[in-house]
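# Structural characterization, general
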Amino acid sequence: QANLGAGDPVPALAHDIAQSAALLCFDEFQVTDVADALVIRRLFHQLFSHGIVMVATSNRPPDDLYKNGLQRPLFVPFIGDLKQRCEVHDLDSPNDYRMLKHLARAGRTYMTPLGPDTDEAMDEFFGLLTKGRGTKPLTLQLRGRKLKVERAARKVDVARFGFDELCGKPLGAEVGQTDRQTN
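Small disclaimer: the values here were computed from a predicted structure and weren't measured.

Cut-off values and rules
Residues numbered from 1 in each chain as written. Predicted model: local features only at pLDDT ≥ 70, side-chain atom pairs only at ≥ 80, totals over all residues. Heavy atoms only, no water. Helix = DSSP H or I, 4+ residues; strand = E, 2+ residues; numbered from the N terminus. Buried < 20%, exposed > 50% of the residue type's maximum accessible area, 1.4 Å probe, protein only. Contact = heavy atoms within 4.5 Å. Areas by Shrake-Rupley, 256 points an atom, 1.4 Å probe, with all protein chains shown as cover. Patch = residues over 30% accessible without salt bridge, like charges linked within 9 Å, V, L, I, M, F, W, Y side chains within 5 Å. Salt bridge = Lys/Arg side-chain N within 4 Å of Asp/Glu carboxyl O. Expected span 1.5 Å × (residues − 1). Polar contact = N/O pair within 3.5 Å; in protein donor to acceptor, adjacent residues only side chain to side chain. pLDDT = per-residue confidence, 0-100. Lys, Arg positive; Asp, Glu negative; His and termini not counted. Phe/Tyr/Trp six-rings, centres within 6.5 Å; stacked < 30°, edge-to-face > 60°. Lys NZ or Arg CZ within 6 Å of the ring centre and 35° of its normal.

### Topic: the overall build of the chain
- Looking only at helices and strands, one finds 6 helices and 6 strands in the chain.
- For the chain, buried positions account for 25% of its 183 residues.
- For the chain, contacts bridging at least 24 residues in sequence account for 58% of all contacts bridging at least 6.
- When the accessible area of the chain is evaluated, it comes to approximately 13,200 Å², of which 52% is carbon and sulfur surface.

Structural data, given as structure tokens:
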């Protein structure tokens, strides 16, 4: 270890990391600083040479890492290493799963007791789910039956019903299998 990089801490650091881990995981991997970009390039070159496996999530593909950054041409070889050594999967989804944390924040499945506080909490959650977009009435066709939805946010596929609207009518199991029609 004493001969690793004589004066350069990066090879020794990579060696130490490789001795204690075979897999490195990063959530929301991004590079925004020139110094970080240059150290990351060198560090990962060393880590990959030790056989380290990397799993990362990012809101941008490898080609867009450190995009428009200072001295970016010095960082570009790291992008090539990533593309050569890692499989890139685009997990584009129409669902924004980050919204689940807002729902989990309530820490409960049911909101009781009914009253002004519960109504306020439901309004807040509905606003989060609809991303603040307006709602419009909508009519769903259910095997010849019509279900009127007073509050539907079509672009995000969210609707709000009262208990009696869904459970106080003979709608049947096909409620979840509908063809949408606007009023």
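### Quick notes on a nonpolar patch on the surface
- Among the surface-exposed residues, Leu23, Val53 and Val55 lie close enough to one another that they form a single nonpolar patch of about 250 Å² accessible area.
- Tracing the backbone through its elements, the reader meets Val55 in strand β2 (residues 53–56).
- Judged by its relative accessible area of 45%, Val55 is partly exposed.

### Structural notes on the pattern of salt bridges
- With the rule as written, the count across this model stands at 4 salt bridges.
- With its nearest N and O atoms 2.9 Å apart, the salt bridge here joins Asp63 to Lys83. In this pair, Asp63 is assigned in the loop between β2 and α3 (72–85) and Lys83 in helix α3, connecting sequence segments 20 residues apart.

### Observations concerning helix α1 (residues 9–20)
- Over its 12 residues, α1 extends 17 Å from the first C-alpha to the last, a length consistent with the 16 Å expected when each residue adds 1.5 Å.
- Among the residues of α1, those classed as buried are Val10, Pro11, Ala12 and Ala14.
- For α1, the side-chain oxygen to backbone nitrogen distance between the N-cap and Val10 is 3.1 Å, and the N-cap itself is Asp8.

### Comments concerning the environment of Lys146
- For Lys146, the location among the structural elements is in strand β4 (residues 145–153).
- Residues in contact with Lys146, not counting those within four places in the same chain, are Thr139, Leu140 and Gln141.

### Focus: the confidence of the model for the chain
- The predicted model of the chain averages 81 in pLDDT, with 80% of residues at 70 or higher.
- For residues 174–183, every residue scores under 50 in pLDDT, and the model assigns this stretch 23 contacts once sequence neighbours within four places are set aside.

### What to know about the side chain of Asp81
- With respect to the helices and strands, Asp81 occurs in helix α3.
- No salt bridge is formed by the buried Asp81; the nearest opposite charge belongs to Arg85, separated by 4.6 Å.

### Details of α3
- In this model α3 runs 20 Å from its N-terminal to its C-terminal C-alpha over 14 residues, within 8% of the 20 Å that 1.5 Å per residue would give.
- Structurally, α3 contributes buried residues whose contacts are with α2 (34–49) and β2.

### Remarks on the packing of aromatic side chains
- Using the criterion set out here, one finds 8 aromatic pairs in the structure.
- Ring geometry for Phe29 versus Phe78: centroids 6.5 Å apart, planes at 45°, classification tilted. Of the two residues, Phe29 is situated in the loop between β1 (23–26) and α2 and Phe78 in helix α3; the sequence distance between them amounts to 49 residues. Accessibility classification places Phe29 together with Phe78 in one group, the buried group.
- Members of the aromatic cluster, each reached through a chain of ring pairs, are Phe26, Phe29, Phe44, Phe48, Tyr66, Phe75 and Phe78.
- In this structure, Arg160 packs its charged tip against the face of Phe126, placed 5.7 Å from the ring centre.

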